[in-house]
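If you want the building blocks of each chain, they are given just below.
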Amino acid sequence: MAEDKAPQMQATLGLTGLTMNAMALIAPGAFLWLTFFIQATAGNSQPAMWAGIVLALLLCLATAVCYAELAKLYPGTGSSYYFAEQSFLNHEKAWRYARLSKFIVGWGSHLYYWIYPGVMCGVMGVLCGYLAGTIWPSFMSASLPGPVFMGLVAIATSFLVAWIAYRGVTGATSVNIAINVIQISALLIFSVMALGYRMNHPPGTVAWNFDSTSSEAYSYEFATETQTVDGKPTDVVSRTADGTPKPKLDASGQPVPFKIDYPATDDKGNFLSHPSAGSVVGMHSIGWTFVQATIAILILVGFESVTSMGGEARNAKRDIPKAVIISLLVQGAFCYLIEYFAANYFLNSGYTMQSATGSAAPIGDMMIMVGNAIFGAGHGKTFMEIQAFTVFLAIIGTTLSCMNTGARVTYAMGKDEELPDHFGRLHATNLSPHRSIWTLAVISAIVGCLAVSVAFGDASAPKDADIKALPQGLLSSVGYTTHDGMAALPNTLLLVTLASNFGTFLLYGLSCVICMVGFHKHAMYNPLKHMLIPLFGIVANLGCMIAYLVLPFMGIGTKMEPFGALGVAAVWAIFGGIYFMRSSKATGRSTLVPRSAAKGI
């Protein structure tokens, strides 16, 4: 049999390839488009979106330093899982706990690596649903895509990406390099256009007014009429037969031009827009900042993925530490901070944060508006569709990179017999951990379907009038009930995102601990890099995990989603503990490492 020859991974990646694989997972193109919506639904914390990203970035930078330093000591396949074993095994006092520590780290990392690709498959469903509604509005609503349609797209995405990963890391790297160049260029273009729109439209000037039903922007105010929806009189936009909103007319019968403004809140206190640039970068509330950081971590993770490719790096000790830091600085400190500032600064009375909350793709809506402003009425959709293609590529890239990383951690645990040993085998031809990849494909498909099942629950529940206006059909409307019914359900996209993020905080916090253990009394010990920075990382990660439990009781953010994520984490931890004990008993392995296995003691 070909698999009995025990093929080994080949060292093919240099600094560029390693950096591009990590950058593809961070993917600013995908996350600006899609995570903006998730962050917009996080209760009353929306004004602190940019500050939350800064907090998450600081946390990630501290963790990245730990990964980079550990990669210098222990280059190899397995990332934190491998680091945990080596750090404890080579420590004069902690070596007994090497097996226990590496299992805890490896099992905890799967809460992140096995859910994250599914989140990406789910957001691919949201993107495709939005595009289908924009192109064929009679078939699908762009602002409220059908859960069944989004679920089918999530399944297809999972297996497509798994097939690319199955073919091997060399082909995947080529794909990632192309995707990075395209997506960064496209999103920076949008950022410049959004900033230009804000600066060229001071309050009181004629601007564009977005309509979510037709997914188009118009330069006039909309006429309204009173209709009865579910027995209640409701003001709705008057429309022509084709769905175009009718203009409000002045005394002479002419359309009333839409004049832009930048109100901070509405009469109910809901956040609408930032009156100034200072408001965009302001913290507003430490609690709001932490809520946003617990979501924003999703857009920054990935820098550590390159440490799982030590077996495929030509010069692991030199290139992997550099790739970890470079990928985070380029994508996180440069791309994201510019893009999120531009998107938040763009918000106005024609497209408020409340508009973003009710849309499947707020950035797509903004692109339509800025496209109309620069290229002329009707051309904004074309601009959006071109940009959406780059986002499509970015989602493929980030899902691919995470699936490659997750499969390699699973492979390392299978090779160590901490998971079933069939996970620790490589394909004889492609040299990829194929069984781990296809297992992860199935898990990702399931998580993706769960993520889109109630993507508009809780705070983002649509109005009854919007639900009634949906195109009727299995793919377009099944899954939508009533506003009150959906408001009583958790936003499943936010829930699985927070579950994945909790796994990230757990993994990153443990990795900071591992760094402190690994360098304790080591000849290369540096107080700043090996104690103070890891200590900050531990505190920051722990603070974000505590925020899941504490902030909802303070009325900050939402409740169902963080508590649901904590429930998922608790079940995973309990199951892991049971599995570890049963596996140890079945194989006759000791929880503590015997002295004969310790190195350097």
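Residues numbered from 1 in each chain as written. Predicted model: local features only at pLDDT ≥ 70, side-chain atom pairs only at ≥ 80, totals over all residues. Heavy atoms only, no water.

Student: Sorry, what's going on with the packing of helix α3 (residues 49-73) against helix α19 (residues 527-550) here?
Tutor: Axes are the key here: two packed helices are described by the angle between their axes and the distance separating the axes. At a minimum axis distance of 8 Å, the contact between α3 and α19 shows a crossing angle of 135°. Of the possible angle classes, the one that applies to α3 and α19 is oblique. Crossing angle aside, the handedness with which α3 passes α19 is left-handed. Contact residues: Leu58, Leu59, Ala62, Thr63, Val65, Cys66, Glu69 and Lys72 in α3; Lys529, His530, Ile533, Pro534, Phe536, Gly537, Ala540, Asn541 and Cys544 in α19. Of the residues in the contact of α3 with α19, the class split is 10 nonpolar, four polar and three charged. (Axes fitted to C-alpha atoms, helices over the stretch in contact; angles between N-to-C directions. Helix = DSSP H or I, 4+ residues; strand = E, 2+ residues; numbered from the N terminus. Parallel < 35°, antiparallel > 145°, perpendicular 65-115°, else oblique. Left-handed = near helix turned anticlockwise from the far one by under 90°. Contact = heavy atoms within 4.5 Å. Nonpolar A, V, L, I, M, F, W, Y, C, P; charged D, E, K, R; others polar.)

Student: What am I meant to see in a nonpolar patch on the surface here?
Tutor: A cluster of nonpolar residues, Leu152, Ile155, Phe159, Leu160, Trp163, Trp438, Val442 and Ile446, forms a patch on the protein surface that exposes about 720 Å² of accessible area. Mapped by element, the contributors of at least two residues to the nonpolar patch are α7 (147-166) and α15 (434-453). Structurally, phenylalanine 159 is set in helix α7. In this structure phenylalanine 159 comes out as partly exposed when scored by relative accessible area, which is 35%. (Patch = residues over 30% accessible without salt bridge, like charges linked within 9 Å, V, L, I, M, F, W, Y side chains within 5 Å. Areas by Shrake-Rupley, 256 points an atom, 1.4 Å probe, with all protein chains shown as cover. Salt bridge = Lys/Arg side-chain N within 4 Å of Asp/Glu carboxyl O. Buried < 20%, exposed > 50% of the residue type's maximum accessible area, 1.4 Å probe, protein only.)

Student: Help me understand the environment of alanine 547, please; the structure alone is not making it clear to me.
Tutor: Topologically, alanine 547 is positioned in helix α19. Overall, the relative accessible area of 8% leaves alanine 547 in the buried class. Taking the C-alpha atoms as reference points, alanine 547 and threonine 294, separated by 253 residues in sequence, lie 7.9 Å from one another. Sequence-distant contacts of alanine 547, that is, excluding residues within four places in its chain, are made with Phe290, Thr294 and Pro552.

Student: Can you help me understand the nonpolar core in this one?
Tutor: Within soluble globular proteins, side chains that are nonpolar generally end up buried alongside one another. Counting residues in hydrophobic clusters, the biggest one holds 157 residues, and the most contacted among them are Phe36, Met366 and Tyr508. With 14 residues, the single largest contributor to this core is α3. Among all residues touching methionine 366, those that are not within four sequence positions of it are Phe36, Phe190, Ala343, Phe346, Leu347 and Tyr351. (Core = buried A, V, L, I, M, F, W, Y, C linked by side-chain atoms within 4.5 Å.)

Student: Just checking my understanding: could you explain helix α14 (residues 380-415) for this structure?
Tutor: Along an α-helix, residues three or four apart share an orientation, since each turn contains 3.6 residues. Between its terminal C-alpha atoms α14 stretches 52 Å, which fits the 52 Å expected from 36 residues at 1.5 Å a residue. Across the 36 residues of α14, 30 count as buried, placing the element largely inside the fold. The positive-phi residue at the C-terminal boundary of α14 is glutamate 417, with phi of around 65°. (Expected span 1.5 Å × (residues − 1).)

Student: Can you help me understand the pattern of salt bridges in this one?
Tutor: Opposite charge on two side chains allows them to pair when their charged atoms are near. In total, this model carries three salt bridges according to the counting rule given. When the shortest N-O distance is used, the salt bridge between glutamate 69 and lysine 72 registers 3.0 Å. Of this pair, glutamate 69 and lysine 72 both sit in helix α3, separated by three residues, roughly a single helical turn. Looking at lysine 72, the relative accessible area reads 33%, which means it is partly exposed.

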